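# Summary of structural features
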Amino acid sequence: MQEAVEQGRIWRHTVSAFGQHPVAAALGRGLPRFTAFPLYKIHTMWADDLYMSCPFLARRARLTGEANYADEVYRQVKGFYKRLWIEEEKIFSHIYFVEEKAMSRVPWGRGNGWIAVTLTEILALLAADDPRWQEALHLFQHFMQGIAPLQDACGMWHQVLNPPPPGRRTNGIKNGAFSPKGENPVFYARLPQEGRLT
């Protein structure tokens, strides 16, 4: 609850400080950043943070036609990939610790779901003729190869994806089911046959 209240205060401050398009204006001003440009919380960067910026920016890019929004989306994806991708498992770690320059290597089920939703939104909203879109598609396909085998027999993913603990995470499946072929049929139809889950 306290975190939600604090986020509300930050949002109100951002709106009053930057006006009509507060998030877009704030991207270039005063927020802590890595050199490769992904935004992060002080001292940590979480997998679900990617969802907090990229779908909004992808929609802005589509609505306005301004390339800087798409540029920021792809910078964010590249930065999160660099810091949170667990190559040998083809899934994402939950947290990157800024000061230690290390990821937690704990793949949170819900966080991976948020990244799946984010990549789906990016691929559905941004132009497929951009070479960076192809890179995002390639990442999405590898990610789906990594996450699909972790789904248990009853169709859910666990709170932590490796090794699976005893408790299931229902909202992890919500995000994962939304992405590959759930509520985004426009994107799913654009996904090449070899990239689809069966």
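Summarised in this report is the structure supplied together with it. None of the values given here were measured: they were computed from a predicted structure.

## Brief notes about the sheet that holds strand S5 (residues 102-103)
Pairing within the open sheet is antiparallel, and its three strands lie in the order S1-S4-S5. Looking at the sheet topology across the chains shown, the edges are occupied by strand S1 (44-46) and S5. In this sheet, strand S4 (residues 95-97) lies alongside S1 in antiparallel orientation, the contact comprising three bridges. In the strand pairing of S4, Trp46 is matched with Ile95.

## Comments concerning the side chain of His94
Tracing the backbone shows His94 in the loop between strand S3 (91-92) and S4. When its relative accessible area of 16% is taken as the criterion, His94 is described as buried.

## Re unusual backbone geometry
Even without being glycine, Lys101 reaches a positive phi, approximately 55°. Structurally, Lys101 can be placed in the loop between S4 and S5. Residue Lys101 is classed as exposed on the basis of its relative accessible area, which comes to 66%. The backbone phi angle of Arg105 is positive, close to 65°, even though this residue is not glycine. Within the fold, Arg105 resides in the loop between S5 and helix H5 (109-125).

## Examining the environment of Ala127
Tracing the backbone through its elements, the reader meets Ala127 in the loop between H5 and helix H6 (131-147). Judged by its relative accessible area of 45%, Ala127 is partly exposed. Separated by 65 residues in sequence, Ala127 and Arg62 place their C-alpha atoms 8.5 Å apart.

## With respect to the pattern of salt bridges
Counted by the stated rule, this structure contains five salt bridges. A salt bridge links Arg132 to Asp71; the nearest nitrogen and oxygen atoms lie 2.9 Å apart. Here Asp71 lies in helix H4 (residues 67-84) and Arg132 lies in helix H6, a separation of 61 residues in the sequence. The class for Arg132 is partly exposed, based on a relative accessible area of 28%. Here Asp130 makes a salt bridge to Arg132, at a shortest N to O gap of 2.9 Å. Through salt bridges that share partners, Asp71, Asp130 and Arg132 make up one connected network.

Scoring rules and cut-offs
- Residues numbered from 1 in each chain as written.
- Predicted model: local features only at pLDDT ≥ 70, side-chain atom pairs only at ≥ 80, totals over all residues.
- Heavy atoms only, no water.
- Pairing = 2+ DSSP bridges.
- Helix = DSSP H or I, 4+ residues; strand = E, 2+ residues; numbered from the N terminus.
- Buried < 20%, exposed > 50% of the residue type's maximum accessible area, 1.4 Å probe, protein only.
- Salt bridge = Lys/Arg side-chain N within 4 Å of Asp/Glu carboxyl O.

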